[in-house]
Amino acid sequence: MAWAAATALVVAAAVVLSPASVASASNAEGDALYALRRALADPRGVLQSWDPTLVNPCTWFHVTCNRDNRVTRVDLGNSNLSGSLVPELGHLEHLQYLELYKNSIQGTIPAELGNLKSLISLDLYNNNITGTIPKELGKMKSLVFLRLNDNHLTGPVPRELTKISSLKVIDVSSNDLCGTIPTSGPFEHIPLSNFDNNPRMEGPELQGLATYDTNC
């Protein structure tokens, strides 16, 4: 009986660590990235290699994977892309860098990006993104760089972002944000110039004396 139990454990471990399970995760990530490709116009053909029939997306250009074939980087900055972001990006649970700056991306920032717990850098600056900054981004506890400047974002800066202790850089300048500038948590060390050119945004928040949603 002991031998049978040991054999069962070995078999169970093999199932957990099998190439099929790794391939399944890679396919799910490939599906998420292909959903992004379908939502983008790509006149330069930079996404031409994003072929959903491949086993995993690690052979695609502008995609970097770790040794376990999990996607860790998407580098599509300055690629003349237009279209919109997709909620499926939230399935890339090992993603560390999402670089989509200097394109013509429209639409809103999906709240599902808050599921990217490994994300270090979110660079969406210099696009045509509208809507509010999702409060769900406050769940990205590994985030260091958040650059959303030069878009058409509205609403206040979510106070959930002040809870991200790892955050070192946030730039939301040149949008249409409103309310007051946060001063707690990592925002204590963010230059005020990173909030410039938001005509409806007021000065730094005075703790206990002003509500942050003023003029929103």
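Bear in mind that the values here come from a model prediction, so they are computed numbers and not experimental data. (Residues numbered from 1 in each chain as written. Predicted model: local features only at pLDDT ≥ 70, side-chain atom pairs only at ≥ 80, totals over all residues. Heavy atoms only, no water.)

A few points about the sheet that holds strand β2 (residues 63–65)
Part 1: The six strands lie next to each other as β2-β3-β5-β7-β8-β10, forming an open sheet whose pairing is mixed. Either end of the sheet is taken by a strand with one partner, and the two such strands are β2 and β10 (169–171). Strand after strand, the sheet turns through a mean of 10° between neighbouring axes, direction not considered.
Part 2: Looking at chain direction, strand β7 (residues 121–123) and strand β8 (residues 145–147) are connected through three bridges and run parallel. Its bridge partner being in β8, Asp 123 is matched across the sheet by Arg 147. (Pairing = 2+ DSSP bridges. Helix = DSSP H or I, 4+ residues; strand = E, 2+ residues; numbered from the N terminus. Axes fitted to C-alpha atoms, helices over the stretch in contact; angles between N-to-C directions.)

Quick notes on the state of the cysteines
Part 1: Taken as a whole and judged by the stated rule, the model has two disulfides.
Part 2: Between the sulfur atoms of Cys 178 and its disulfide partner Cys 216 the distance amounts to 2.0 Å. Here Cys 178 and Cys 216 share a disulfide; its torsion about the S-S bond, 110°, makes the bridge right-handed. Placement of Cys 178 in strand β11 (residues 176–181) and of Cys 216 in the segment after β12 (200–204) is noted, with a sequence separation of 38 residues between them.
Part 3: For Cys 216, a relative accessible area of 48% gives the class partly exposed. (Disulfide = S-S within 2.5 Å. Buried < 20%, exposed > 50% of the residue type's maximum accessible area, 1.4 Å probe, protein only.)

Here's the deal with the sheet that holds strand β6 (residues 104–106)
Part 1: Here three strands make up an open sheet; going across it, the order is β1-β4-β6 and the pairing mixed. This sheet does not close on itself; its edge strands, each paired only once, are β1 (40–41) and β6.
Part 2: In the sheet, strand β4 (residues 82–84) pairs with β6 via three bridges, with the strands oriented parallel. Bridge assignment links Gly 83 to a residue of β6, and that residue is Ile 105.

Concerning the environment of Leu 76
Part 1: Along the chain, the position of Leu 76 falls in the loop between β3 (71–75) and β4.
Part 2: Leu 76 gets classed as buried once you look at its relative accessible area, which sits at 0%.
Part 3: Each residue touching Leu 76, except ones within four places of it in the same chain, is listed here: Val 46, Leu 47, Trp 50, His 62, Leu 81, Glu 99, Leu 100, Tyr 101 and Asn 103. (Contact = heavy atoms within 4.5 Å.)

Description of the packing of aromatic side chains
Part 1: Inspection of the entire model under this criterion finds three aromatic pairs.
Part 2: Each ring, one from Trp 50 and one from Trp 60, has its centre 5.3 Å from the other, and the planes form 25°; the classification is stacked. Residue Trp 50 is located in the loop between β1 and β2, and its partner Trp 60 is located in the loop between β1 and β2; the two are separated by ten residues in the primary sequence.
Part 3: On the basis of relative accessibility, which here comes to 0%, the residue Trp 50 falls in the buried class.
Part 4: Classification of Trp 60 as buried rests on a relative accessible area of 4%.
Part 5: It is Arg 73 that lies over the ring of Tyr 97; its NZ or CZ is 4.3 Å from the centre. (Phe/Tyr/Trp six-rings, centres within 6.5 Å; stacked < 30°, edge-to-face > 60°. Lys NZ or Arg CZ within 6 Å of the ring centre and 35° of its normal.)

A look at the environment of Phe 187
Part 1: With respect to the helices, strands and loops of the structure, Phe 187 is situated in the loop between β11 and β12.
Part 2: With a relative accessible area of 3%, Phe 187 lands in the buried category.
Part 3: Residues Phe 187 and Ile 170 lie 17 residues apart in sequence; the distance between their C-alpha atoms is 8.2 Å.

Function-wise, these values are silent; they only describe arrangement.
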